[in-house]
Amino acid sequence: MFADTSFCNVEPAMSSIVRAIDVGHKNVKSVIDAGEAIVCRVFPACAPVATGRDLSDTLGRKRQTILVDVDGITYEVGPDASLAGTAAPAHNMDDNYCLTDEYLALVRGALAYMKVVTVDLLVVGLPVTTFEMHKVALGKRLTGEHRLRDGKVVAVKEVKVLAQPHGALIDYALSDARMQSLRRQRNLIIDCGARTFDWLVTQGLKVMEQRSHATNRGMYDVLQVLAAEIGRHRNIQFHDYERLDLALRTRTNPLVCGTEYDLAPHLPVAGKIAQEAVTIMRRYVQDGSDIDNIILSGGAAFFFKEALHSAFPQHQIHDRRDGLYANVRGFALYGQAKVARSDRVNTCAAGVASGGA
């Protein structure tokens, strides 16, 4: 079911261009440089149809976006794409999200920001729940030429699709030089996303499929609960999820109708979402007594961490640095190792051929 990561200790090759993209339901994370230092960037998973209007340009503050075409329709994507859409942009939460034109527009936007004309290997991710369903179709959809604006083309020669938590496992193993110890241990890798709460249980680097799963209890559900509570108490229709998300991350109170609103009374209700997600996961992993490492990643990790500590009080939870990028960093490391292994095999084969000539 899941990808083989058994060769991830191979030194990366530098001749081939490896890139990684992780399109989530809230953010698009990408590796724009997979050299000695992996460089990541993020922009919102928002792709409104381009209107050609940018009133802010008259004030010298043009939106930070680019235009990409998919099947004759032009989309605007990038850091300021939400400014080009509706007041409260709707994020696609459907299981078939990765096959939509908006998803492809986001991928092409990420490719455009990489400023390359060829990608030898592109590694992307899918949630655990839709991995088997869409991995083949997504790989085919992203392989080939992607025509950008102004006549530019990015050629993607090969695509590899991984389950999203796999990236965090590889990032943890290789970034912290833990590969040898992990091979002998049992690991629980958790990815807290906008729509889904995903987890993999692995023996070494091999996935234990019957204990790996996901549930639709993500940050979107948390924000939805908070917005509903605010609406009920203030008798308004409040849908600015981005504002609530920022307030939670910065531990501040959001402005509602121009005045600060205290979220504290609603946090216990919102926290139930995280508790529900962890409770569902525990049906698969029980009390974790046979788990040696718990690795936490994802943009919503900060909110779910307390519920995980309560569920596994005797474990140290390894919270990935820049957890938002853990998956996509791991994808890039996987891609580097895969290319290096292929180059080594080809070099050996060439040596044998020339020696036998």
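Quick caveat, the model's predicted, so the values are computed rather than measured.

Things to note about the overall build of the chain
Along the backbone of the chain there are nine helices and 18 strands. Residues counted as buried form 50% of the 357 residues belonging to the chain. When contacts within the chain are restricted to residue pairs at least 6 apart in sequence, long-range pairs at least 24 apart make up 69% of them. Total accessible area computed for the chain in this model is approximately 16,800 Å², and 49% of it derives from carbon and sulfur atoms.

Regarding the sheet that holds strand β7 (residues 121–126)
Spatial strand order, β3-β2-β1-β7-β10: five strands in an open sheet with mixed pairing. Only two strands of the sheet have a single partner each, and these edge strands are β3 (38–44) and β10 (159–163). Averaged over all adjacent pairs, the angle separating strand axes in this sheet is 20°, with direction ignored. Sheet contacts for helix α1 (residues 101–114): β1 (18–23), β2 (27–34), β3 and β7; angle to β1, the most-contacted strand, approximately 145°. Across the sheet, helix α3 (residues 164–175) is in contact with β1, β7 and β10; its angle to β10 comes to roughly 90°.

Topic: the pattern of salt bridges
All told, the structure shown has 19 salt bridges when counted by the stated rule. We note a salt bridge from aspartate 95 to arginine 195, for which the minimum N-O separation is 2.7 Å. Of this pair, aspartate 95 sits in the loop between β5 (73–77) and α1 while arginine 195 sits in the loop between β11 (186–192) and β12 (197–203), and the two are 100 residues apart along the sequence. Ionic contacts of the salt-bridge type, sharing partners, join the residues Lys26, Glu242, Asp245 and Arg249 into one network.

Looking at the pairing of β7
Summarising burial for β7: six of the six residues are buried, a large majority. Direction of pairing for β1 relative to β7: parallel, over a ladder of four bridges. Residue alanine 20 lies in a different strand from β7, and its bridge partner there is valine 123. As paired elements, β7 and β10 share five bridges and run parallel to each other. Residue leucine 122 lies in a different strand from β10, and its bridge partner there is valine 159.

As for the sheet that holds strand β6 (residues 118–119)
If you trace the three strands from one edge of the open sheet to the other, you get β6-β9-β8, paired in mixed fashion. The two strands at the open ends of the sheet, each matched to only one other strand, are β6 and β8 (144–147). Sheet strands touched by α1: β6, β8 and β9 (153–156). Its angle to β8, the strand with the most contacts, is close to 85°.

A word on the nonpolar core
It is characteristic of soluble globular proteins that their nonpolar side chains tend to be buried jointly. Residues Ile21, Val23, Val28, Leu106, Leu111, Val124 and Leu138 are the most contacted members of the largest nonpolar core, which totals 48 residues. The element contributing the most residues to this core is α1, with nine residues. Apart from residues lying up to four places away in sequence, leucine 106 is in contact with Val23, Val28, Phe43, Pro44, Ala45, Cys46, Ala47, Val77 and Tyr97. One finds Leu244, Ala270, Ala307 and Leu308 within the second-largest nonpolar core, a separate group that totals 40 residues.

So, the environment of asparagine 187
Among the secondary structure elements, asparagine 187 is positioned in strand β11. Asparagine 187 gets classed as buried once you look at its relative accessible area, which sits at 0%. Residues asparagine 187 and valine 207, 20 residues apart in the sequence, show an inter-C-alpha distance of 9.3 Å. Beyond its immediate sequence surroundings of up to four residues, asparagine 187 is in contact with Leu182, Leu200, Val201, Thr202, Gly204, Ile291 and Asn293. Looking at asparagine 187, its side chain comes within polar contact range of the main-chain oxygen of glutamine 185, at 3.4 Å. Among the polar contacts made by the side chain of asparagine 187, one reaches the main-chain carbonyl oxygen of glycine 204 at a distance of 3.2 Å.

What to know about helix α5 (residues 219–234)
With 16 residues, α5 should reach 22 Å at 1.5 Å per residue; the first-to-last C-alpha distance of 22 Å fits that figure. Every buried residue of α5 is listed here: Met219, Asp221, Val222, Leu223, Leu226, Ala227, Glu229, Ile230 and Gly231. The elements touched by buried residues of α5 are α6 (241–250), β15 (255–256), α7 (267–285) and α8 (301–311). A positive backbone phi angle near 55° is found at asparagine 235, which sits one or two residues after α5.

How each quantity is defined
- Per chain, residue numbering runs from 1 following the sequence as it is written.
- Note on the predicted model: pLDDT of at least 70 is required for a residue's local features to be given, and 80 or more for side-chain atom pairs to be given and counted; whole-chain, interface and lining totals, by contrast, use all residues.
- Values reported for side chains reflect all heavy atoms of the structure, with hydrogen atoms and water molecules removed beforehand.
- A helix here means a DSSP run of H or I that spans at least four residues, while a strand means a run of E at least two residues long, and both kinds are numbered starting from the N terminus.
- Think of it in three bands: residues with accessible area under 20% of the maximum for their type are buried, residues over 50% are exposed, and the middle band is partly exposed, with areas taken using a 1.4 Å probe on protein chains only.
- Pairs of residues are marked as contacts when any of their non-hydrogen atoms sit within 4.5 Å.
- Each accessible area is a Shrake-Rupley estimate made with a 1.4 Å probe; only the visible protein chains count as cover when residues are assessed.
- Two strands are said to pair when DSSP picks up at least two bridges between them.
- Between N-to-C directions, angles cover 0 to 180 degrees, with each direction set by a line fitted to C-alpha atoms, over the stretch in contact for helices.
- The rule for a salt bridge is simple: a side-chain nitrogen of Lys or Arg has to be within 4 Å of a carboxyl oxygen of Asp or Glu.
- The set of buried Ala, Val, Leu, Ile, Met, Phe, Trp, Tyr and Cys residues whose side-chain atoms join them within 4.5 Å is what this entry labels a nonpolar core.
- A 3.5 Å cut-off defines polar contacts: any pair of N or O atoms within that distance qualifies, except that in protein one atom must be a possible hydrogen donor and the other a possible acceptor, and neighbouring residues in sequence count only when both atoms are side-chain atoms.
- The span expected for a helix works out to 1.5 Å for each residue beyond the first.

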